[in-house]
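# Per-entry structural report
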Amino acid sequence: MFTKKSVVDDDERRRREHPAIRVRGLEKSYGKVEVLRGVDFDVARGSIFALLGSNGSGKTTTVRILATVLKADAGTAGVNGFDVATHPADVRASFSLTGQFTAVDDILTGRENLVLVAKLRRIKDPGTVVDGLLDRFSLTDAATRKVSTYSGGMRRRLDIAMSLIGNPPVIFLDEPTTGLDPEARIEVWQAVKELAANGTTVLLTTQYLNEAEHLADRIAILHQGRIIANGTLAELKRLLPPAKVEYVEKQPTLEEVFLAIIGDDGTNHTTDTTTREHE
Ligand SMILES: Nc1ncnc2c1ncn2[C@@H]1O[C@H](COP(=O)(O)OP(=O)(O)OP(=O)(O)O)[C@@H](O)[C@H]1O
Ligand SMILES: [Mg+2]
């Protein structure tokens, strides 16, 4: 028999003993194509972790395994201290997933979208929860407008707000800003930062190197089926010597670190000024 106290104690113990996400030796092939060939990483609670990789490197595959949508061929993955293979229901209760394409309903208003999800998730007092989320994602003014009138950034923020109903401790954001303009991207970044500030663990995948650079506490680079680098931005930058331009010492951008590590062309990182425009 579980008492309420023992459930709370269990939660507390899991929080102390397990990182929010733990992946060990993960392997996955589609037919003969080996996509993941032994992926290892941990994501600390309350942190933002960026999984970086080229098209087809296996980012979505990794997220889908963590989300219990897909089974790994080998290795283990845990979310919130629960193993995806042995405790999939507990894993599913621990995260929410926001995919690349927004799941919001155009015909409804922003508020109606949120209330709908809150009711589906049987949240007590949906109105209060929804008002809180609208406020947190700066959507209060637009709350009664149909989503069809929203900008891309607003839709994304609404989508992320929807995925937070029920307070999942972990959120997976698969390419949260793909297709957004720079301004909308910054709006979403702000929302993601606030999530982490409120204690939510964020695993995000991205192809935008500056996104990882701006947002993530740690960045892992997935390449040819393995994590070939994993560290803070400062740690990754230390993998390359500081670039020097005449008398001015410059640190390499994450983009340069990324390209050099994956071996695409690490030779021109000292002189190519076109890749430094966003600095
Ligand atoms: N259901 C599937 N059947 C066969 N191959 C698949 C399937 N899903 C993914 N793949 C292949 O696995 C590889 C990894 O795909 P995945 O979607 O995980 O990459 P990704 O890193 O998310 O790429 P992107 O940046 O384009 O989203 C790709 O080569 C892809 O074609
Ligand atoms: Mg993908």
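Residues numbered from 1 in each chain as written. Chains lettered and ligands numbered in written order. Predicted model: local features only at pLDDT ≥ 70, side-chain atom pairs only at ≥ 80, totals over all residues.

## Considering the site of ligand 1
In the vicinity of ligand 1, the contacting residues are Tyr-30, Val-33, Val-35, Gly-53, Asn-55, Gly-56, Ser-57, Gly-58, Lys-59, Thr-60, Thr-61 and Gln-207. Those elements giving two or more residues to the shell around ligand 1 turn out to be β2 (33-43) and α2 (59-66). Ranked by residues supplied to the shell around ligand 1, first place goes to α2 with three residues. Residues of the shell around ligand 1, tallied by class, amount to three nonpolar, eight polar and one charged. (Near = placed C-beta within 6 Å. Helix = DSSP H or I, 4+ residues; strand = E, 2+ residues; numbered from the N terminus. Nonpolar A, V, L, I, M, F, W, Y, C, P; charged D, E, K, R; others polar.)

## Concerning the sheet that holds strand β3 (residues 48-52)
Across the sheet, six strands lie side by side as β6-β7-β8-β3-β9-β10; this open sheet has mixed pairing. The open sheet has two edge strands, β6 (95-98) and β10 (226-231), and neither has a second partner. Each neighbouring strand pair of the sheet contributes to a mean axis angle of 15°, computed without reference to strand direction. Summarising the sheet, β3 and strand β8 (residues 201-206) pair through five bridges and their orientation is parallel. Bridging across to β8, Ile-48 finds its partner in Val-202. Strand contacts of α2: β3, β7 (170-174), β8 and β9 (218-223), with the helix running at about 150° to β7, the strand carrying the most contacts. (Pairing = 2+ DSSP bridges. Axes fitted to C-alpha atoms, helices over the stretch in contact; angles between N-to-C directions. Contact = placed C-beta atoms within 7 Å.)

## Quick look at the packing of helix α4 (residues 110-120) against helix α6 (residues 152-163)
Where α4 meets α6, the axes come as close as 9 Å, and the angle between the chain directions of the two elements is 20°. The orientation of α4 with respect to α6, classified from their angle, is roughly parallel. The handedness of the crossing between α4 and α6 is right-handed. The segment α4 lies against α6, with Gly-110, Asn-113, Leu-114 and Val-117 engaging Leu-158, Ala-161 and Met-162. (Parallel < 35°, antiparallel > 145°, perpendicular 65-115°, else oblique. Left-handed = near helix turned anticlockwise from the far one by under 90°.)

## Thoughts on helix α10 (residues 254-261)
Listing the buried residues of α10 in full gives Leu-254, Glu-256, Val-257 and Phe-258. Buried-residue contacts for α10 involve β3, α8 (209-215), β9 and α9 (233-237). Gly-263 occupies a position one or two residues after α10 and carries a positive phi of about 80°. (Buried ≥ 20, exposed ≤ 12 C-beta atoms within 10 Å, placed from the backbone.)

## Quick notes on the sheet that holds strand β1 (residues 21-30)
Strand order in the open sheet formed by four strands is β2-β1-β4-β5, and the pairing between neighbours is antiparallel. Where the open sheet ends on each side, the last strands, each with one partner, are β2 and β5 (82-83). Across two bridges, the pairing between strand β4 (residues 74-79) and β5 is antiparallel. Within β5, the residue paired with Gly-78 across the bridge is Asp-83. Packing of α2 onto the sheet brings it into contact with β1, β2 and β4, and relative to β1 it is tilted by some 120°.

## A few points about the environment of Ile-228
When you line up the elements, Ile-228 lands in strand β10. As for Ile-228 and Ile-261, which are separated by 33 residues in sequence, their C-alpha atoms are 7.6 Å apart. With sequence-adjacent residues up to four places away left out, Ile-228 is seen in contact with Ile-221, His-223, Ile-261 and Ile-262.

## Let's talk about the confidence of the model for the chain
The predicted model of the chain averages 86 in pLDDT, with 88% of residues at 70 or higher. Note that residues 266-279 has pLDDT below 50 and, in this model, 15 contacts with residues that lie over four places away or in other chains. (pLDDT = per-residue confidence, 0-100.)

## Quick word on the pairing of β4
Of the pairings in the sheet, the one linking β1 to β4 comprises five bridges and is antiparallel in character. Counterpart to Ile-21 in the pairing with β4 is Val-79. Linking β4 to β5, which pair antiparallel, is a turn of two residues; within it Asn-80 sits at a positive phi near 55°.

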